[in-house]
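Results of the structural survey
Given next are the chains, with one letter for each unit.
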Amino acid sequence: MDDESLTTPYFPTWCPGCGNFSLWSAFKNACIKEHWDNSNTVLVAGIGCHGHILNFIKLTSFETLHGRPIPVATGIKTVNPLLNVFVFTGDGDCLGEGGNHFLHACRRNEDLTVIIHNNGVYALTTGQTSPTSPKGYKSKSTPAGNTDAPLNPLALAITTGATLVAREYAGNIENLTSLIIKANNHKGLAIIEVLQPCITFNKRFTHSFFRENCCRLDPDFNTANKQKAYTKSLEFGIKKMPLGIFYEV
Amino acid sequence: MRIKKVFSLKIGGCAGQGVKSLGLLFSKCLLHLGYKTYSYIEYPSLIKGGHNVVQISVSQNQPTGPTTKTDFLVALNRDTLDKHLGELEEGAGVLLDLGEKENTLKVSHKVKFFGIPLANISGEKYPVSNVIALGALVALFGGELTILNGEIEKEYRHEKSMAENLKAAKLGFDFIKKNYPKESAILNPLESLTESPDKILDGNEAVSLGAISAGLEFASIYPMSPISGIIHFLASHQKTHNYIYKQPEDEISAINMAIGASFAGARSLVATSGGGFCLMTEGFGLAGITETPLVVIEGMRGAPATGLATFSEQGDLSFVLNAHQGDFPRIVLAAGDIREAFDLTRKAFNLADKYQTPVVVLLDKNICDNSQSISLPNSPYTIDRGKLTTDRVENYKRYILSKDGISTRTLPGSGNFFIANSEEHNEFGYSSEDSGNRISQMEKRMLKLETCAKKDMAPPTLYGSKNAELTIVSWGSCKGSILQALKDFNNVNFLHLMWLNPFPAKEVETILSQARYIIAIEGNYSAQMARLIREKTGIEIKDKFLKYDGRPFFVEDITDKIHRVLKDIKNG
């Protein structure tokens, strides 16, 4: 298996520099390493820029409705537990339109890998505030600044019952590849938040911003401690955006 | 007591008093006596309190609808007497608590009262008062206590509650034998069967049995009246019949889970009422464009919004026919009774697989919750999965254009690549906004409906003589009361519609254009079926007999209407 066998006739339509490119590479690398092919793997996506990924990886997939990839993936995995089932979703898809499904998939600890493409903005609809946009964030839908506090997907996942909760920055392709493999091997729900820039509509979360402010979790961090994982997940600020596995049981 | 063609028994009490289980157990006892039954249940959206009533039509031949008149009333509380004494026929009987007797003599005509100390016969208060009444009823109807004991033992498996109920039944039975020894049986037993070939089944059970026998593999259902009974049945038989019931967080999740399961190869079902279907409309169209087979059971209740949560209506027809934006092929069937609910559910699974599209079976609360005696259907059934392959296919195209609109499906894990895509897509499933592709894919999908109309659509059923003075057109649960009423007329026929999309326009047009006078009967405000007939055939039915109070059409409603119309016709 090689990159060629995963290639479709379509080249990504994402903006040049979009975080989705490196995520795409990281995922394809994982496929090659692990021999994920059409005999064992299904991809499920929602609607948003992230969802287009299905057209660029030659693996059987389901492009669902906005917000609904998690329940569709749940149905697939429930009736065929032998399949590797990956959910690609965005901050708006997973935490806005599909927020209820996210909570309940965590509660049920479904045996899925959910990759949240978090760019903090509704990009495909040309730049409105999303559930993870910071307070004060100016966008087409919040010209005077976002008045609402952002959701923290990791804190939510830890408290509601997901059993592998991690964050990575889209630019760290190798780390992301091994994290995706680990998540797939995990029995239970694995949530990976991928911080990625939207180079067109989010002028705040840029590649250089993430490079400057992301830090790695201490290698000795106790990932089996739910309270500590929760507290750690609340850290999010300048020079303080931890990457790595927060929680794994 | 006067023996009628159909004997009507009514049992009333407050919610929590066991009105429904009393009705069910007594119906089962009646089977042993050789009778057929039809039960109509009416209850408020409450757990305790409120007024519950079960009306059981009893006859040698299968009764099919509810009636308003009462030949025997069982009053578990005062409220029942106040509400239903006026419905008693001349010479009717009433079983009531001894303490109530003195207050009830205001009935104008002759009624026979059977007083029995329901509340304190055993020194215990309900929940067993219903079983005391049950024991008394069996005695009054000439049954043996052993029959009732057998049914109680089947119903109450827990040792303590079985003993309590057996004791209560005997107290009630013995009380009647001792205090009314000269009373002849209210209905003479026709037979004395240790095992009846019939079972008592409600619509929810019929749907569940239909689904299981059709090879159900996955169901996700969010609780909602009147279809929660489907959950209860399916959830408790998973292990023995090898399918999964999964409880979702809402109806949006329910339909999307079922679509995922179906995409992965499982025969999948969702069930809901109108409100839940509102949430499902989004997924309904997703199944349509991704060509994913799906069976949707829609049990209608009083609407809109929360509406009349525990009452019936046929107000969702237009909604289901038009739900979701744009066009996609949907098959919509409507069951008229419990047998049809079973048959159409089975058929729906094959149609969904064959046409790779969602199939709705419309029921109404009168079918979901009402029960009747029925011999367990054992008609042959072959699972037809349609065009489906799990073999590796060279250059596989999931949405390949074809003459009948149907492409060969495959499953994830088969090695064949495809995308089930909510966006318009090309033959492989890749997103495509190309104009020519859009047209060919849209036409391909819609062609499936034409294929279905040619190959599978059944003509509507015309009951009664072709040459009638009056033709009734109806659908859904109205069927039972109409058929029951028609037994008194030889010049009225009845066109019963089951296929609503695709619609048998030609057959309906032929029958209706020859009819001398047409009445449309349906349980909604805006005559939605009549509107559909007009849309499909151009025939406008002027006389619309509609009901939207949440109650069923009682047999008397239909009989009175026919009499009025026939009189008008006669008088020109």
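Remember, predicted model here, so these are calculated numbers, not experimental data.

Brief notes about the overall build of chain A
- Of the regular secondary structure elements, chain A holds nine helices and ten strands.
- In terms of overall dimensions, chain A is globule-like: its C-alpha atoms have a radius of gyration of 17 Å, near the 18 Å expected for 249 residues.
- With the C-alpha coordinates aligned to their principal axes, the bounding extent of chain A is approximately 50 × 40 × 30 Å.
- Among the 249 residues that make up chain A, the fraction classed as buried is 59%.

A few points about unusual backbone geometry
Residues and elements named next belong to chain B.
- Note the cis peptide between Ser225 and Pro226, where omega equals 5 degrees.
- The amide bond that connects Asn501 to the next residue, Pro502, takes the cis arrangement and shows omega of -5 degrees.
- Among the secondary structure elements, Pro502 is positioned in the loop between strand E21 (499-501) and helix H16 (505-514).
- Positioned with a positive phi, Asn242 is a non-glycine residue whose angle comes to about 60 degrees.

Some remarks on the domain arrangement of chain B
Residue and element names in this part refer to chain B.
- Splitting chain B by domain gives domain 1 (7-196), domain 2 (201-375), domain 3 (388-455) and domain 4 (461-570).
- The centre of domain 2, based on its C-alpha atoms, is set 25 Å off from the matching centre of domain 3.
- In this complex, domain 2 contributes 21 residues to the contact, which on the side of domain 3 involves 26 residues.
- For domain 2, the biggest contributors to the area lost against domain 3 are Ile289, Glu291 and Tyr355; these three give 35% of the whole.
- In this structure, the connection of domain 2 to domain 3 is made through three salt bridges.
- Where Arg409 meets Asp353, a salt bridge forms, and the shortest distance between an N and an O atom there is 3.6 Å.
- Of all the elements in the fold, those that place two or more residues in the side of domain 2 that touches domain 3 are helix H9 (251-263), helix H10 (274-290) and helix H12 (338-355).
- Its residues placed into classes, the side of domain 2 that touches domain 3 shows ten nonpolar, six polar and five charged.

Concerning the confidence of the model for chain B
- With 96% of its residues at a pLDDT of 70 or more, chain B shows a mean pLDDT of 94.
- The ipTM for the predicted assembly is 0.98, set against a pTM of 0.97.

Considering the packing of helix H6 (residues 153-160) of chain A against helix H9 (residues 226-233) of chain A
Residues and elements named next belong to chain A.
- The interhelical angle for the contact between H6 and H9, taken along N-to-C directions, is 160 degrees, at an axis separation of 8 Å. One element, H6, and the other, H9, form an angle in the roughly antiparallel class. Seen from above, H6 lies across H9 with left-handed handedness. Of the residues in H9, those touching H6 at Leu154, Ala155, Ile158 and Thr159 are Lys226, Ala229, Tyr230 and Ser233.
- Along the lines of polarity and charge, the residues of the contact of H6 with H9 split into five nonpolar, two polar and one charged.

Some details on the UniProt feature "domain: Thiamine pyrophosphate enzyme TPP-binding" (unreviewed entry) in chain A
- The positions UniProt marks with the feature "domain: Thiamine pyrophosphate enzyme TPP-binding" (unreviewed entry) are residues 47-194 of chain A.
- Annotation note: span residues 47-194 of chain A, helix share 33%, strand share 21%, distance between end C-alpha atoms 17 Å.

Considering the pattern of salt bridges
Residues and elements named next belong to chain B.
- Overall, the coordinates contain 40 salt bridges over all chains when judged by the stated rule.
- In this structure, Arg534 engages Glu540 in a salt bridge whose closest nitrogen and oxygen atoms are separated by 4.0 Å.
- Arg534 sits in the partly exposed class, given a relative accessible area of 47%.
- Among the residues examined, Glu540 registers a relative accessible area of 44% and is labelled partly exposed.

Notes on the pairing of strand E10 (residues 241-248) of chain A
All names here are of chain A.
- Of all the eight residues making up E10, seven are buried; the element is thus mostly covered by neighbouring parts of the structure.
- With four bridges joining them, strand E7 (residues 164-169) and E10 adopt antiparallel strand pairing. Across the sheet, Ala166 pairs through a bridge with Ile245, a residue of E10.
- Taken together, the three bridges between strand E9 (residues 214-216) and E10 define a ladder with parallel strand orientation. When the bridges of E10 are listed, Cys214 appears paired with Met241.
- At this point the chain moves from E9, through H9, to the parallel E10, and the crossover so formed is right-handed.

Overview of the sheet that holds strand E14 (residues 371-375) of chain B
Residues and elements named next belong to chain B.
- Strand order in the open sheet formed by eight strands is E6-E5-E4-E1-E3-E2-E14-E7, and the pairing between neighbours is mixed. In this open sheet, the two strands that pair with only one neighbour each are strand E6 (112-116) and strand E7 (198-202). The average angle at which neighbouring strand axes cross in this sheet is 20 degrees, direction not considered.
- The pairing of E7 with E14 spans five bridges and is classified as antiparallel. Within the sheet, the bridge partner assigned to Asp198 lies in E14 and is Ser375.

Basis of the calculations
Residues numbered from 1 in each chain as written. Chains lettered and ligands numbered in written order. Predicted model: local features only at pLDDT ≥ 70, side-chain atom pairs only at ≥ 80, totals over all residues. Heavy atoms only, no water. Helix = DSSP H or I, 4+ residues; strand = E, 2+ residues; numbered from the N terminus. Rg over C-alpha atoms; globule rule 2.2 N^0.38 Å. Buried < 20%, exposed > 50% of the residue type's maximum accessible area, 1.4 Å probe, protein only. Domains from an automatic or database assignment. Contact = heavy atoms within 4.5 Å. Buried area = accessible area lost by both parts, 1.4 Å probe. Salt bridge = Lys/Arg side-chain N within 4 Å of Asp/Glu carboxyl O. Nonpolar A, V, L, I, M, F, W, Y, C, P; charged D, E, K, R; others polar. pLDDT = per-residue confidence, 0-100. Axes fitted to C-alpha atoms, helices over the stretch in contact; angles between N-to-C directions. Parallel < 35°, antiparallel > 145°, perpendicular 65-115°, else oblique. Left-handed = near helix turned anticlockwise from the far one by under 90°. UniProt positions renumbered as here; feature names shortened; annotations may be inferred. Pairing = 2+ DSSP bridges. Right-handed = clockwise from strand over helix to strand, strands pointing away.

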